[in-house]
Amino acid sequence: MRILLADAVLVLHVAYADFVISGLLVVPLGGWLDWRWVRARLFRRAHLLCTAVVAIEALMGVMCPLTWFEHALLVASGTAGYERSFISQLIYQLLYYDAPAWMFTVAYTALTLTVAACYRYLPPSPPLARQRPANAWLHRSPYGTTTAISPRTSYRPTTDHRR
């Protein structure tokens, strides 16, 4: 059971890395092709946050929590670390590389700076303003009369004393 959980954590880890890398590729391309969804604030902020978390972990010298959790699950299941199924091994090789730690720190920091530059030079769309209907400045009284009101006036109906 723990091996399956470790594989699930590995898949989650690959999805996280895919989000970071794909976002870096798609945002400039989408800006060039005028895709509206790449300017979505939630997407852009989530992407910037995910890349910043990776860079901060690397700069602090902290192991990724997903890597740690996956390894702990494998060891708890009795596996000697990274003995995996064929598919898990392929995914593992896609995610992990054998290189000095400083290279990863430089790469993650450069990635985050690139994403921040994309955020700066290709900003997300501004939030949509709350819009009132086109005739919001008109107020219809219960007696059928229409009066113009300013945007600063209360929208409560006034009592019409003419009968």
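All values reported here derive from a predicted model rather than from experimental measurement.

Visitor: Even after reading the chapter, I still don't get the environment of C64, so can you show me in this structure?
Guide: Following the sequence through the fold, C64 ends up in the loop between α2 (41-60) and α3 (65-76). Once you skip the residues sitting within four places of it in the chain, C64 turns out to touch H13 and E57.

Visitor: Which parts of the structure should I look at to understand empty space enclosed by the protein?
Guide: To find leftover empty space, a probe the size of one water molecule is rolled over the atoms. One pass over the full model with this rule turns up 1 cavity of 30 Å³ or more. The calculated volume of the largest cavity comes to roughly 40 Å³. Taken together, the elements giving at least two residues each to the lining of the largest cavity come down to α1 (2-32), α2 and α5 (101-121). Here the element with the most residues in the lining of the largest cavity is α1; it accounts for 4 residues. Of the residues in the lining of the largest cavity, the class split is 6 nonpolar, 2 polar and 1 charged.

Visitor: Whenever I open this one, α3 confuses me. Can you help?
Guide: Between its first and last C-alpha atoms α3 spans 16 Å; for 12 residues at 1.5 Å apiece the expected length is 16 Å, and the two agree. When α3 is considered as a whole, its buried residues turn out to be T67, E70, L73 and L74. Angular distribution of buried residues about the axis of α3 spans 130 degrees; they occupy a single face of the element. Packed against the buried residues of α3 are α1. One or two positions beyond α3, positive phi appears at G78, with a value near 95 degrees.

Visitor: Teacher, can you tell me more about the confidence of the model for the chain here?
Guide: For any part of a model where pLDDT is low, the fine detail of the predicted coordinates should not be relied upon. Here the chain shows a mean pLDDT of 79. Residues at 70 or above account for 70%. Per-element mean pLDDT across the chain ranges from 55 in strand β1 (residues 138-140) up to 93 in α2.

Visitor: Whenever I open this one, α2 confuses me. Can you help?
Guide: Residues spaced three or four apart along an α-helix face the same direction, because each turn holds 3.6 residues. For α2, spanning 20 residues, the distance from its first C-alpha to its last is 28 Å, which sits close to the expected 28 Å at 1.5 Å a residue. Of the positions making up α2, those classed as buried are F43, R44, H47, C50, T51, V54, A55, E57 and A58. Looking at the buried residues of α2, the elements they touch are α1, α3 and α5. G61 lies just past α2 and shows a positive phi near 75 degrees.

Procedures and definitions
Residues numbered from 1 in each chain as written. Predicted model: local features only at pLDDT ≥ 70, side-chain atom pairs only at ≥ 80, totals over all residues. Heavy atoms only, no water. Helix = DSSP H or I, 4+ residues; strand = E, 2+ residues; numbered from the N terminus. Contact = heavy atoms within 4.5 Å. 1 Å grid on protein atoms, 1.4 Å probe; cavity = no way out; pocket = protein on both sides within 12 Å on 5 of 7 lines; lining within 4 Å. Points joined across faces, edges and corners; volume = space filled by probe spheres on them. Nonpolar A, V, L, I, M, F, W, Y, C, P; charged D, E, K, R; others polar. Expected span 1.5 Å × (residues − 1). Buried < 20%, exposed > 50% of the residue type's maximum accessible area, 1.4 Å probe, protein only. Arc of directions from axis to C-beta. pLDDT = per-residue confidence, 0-100.

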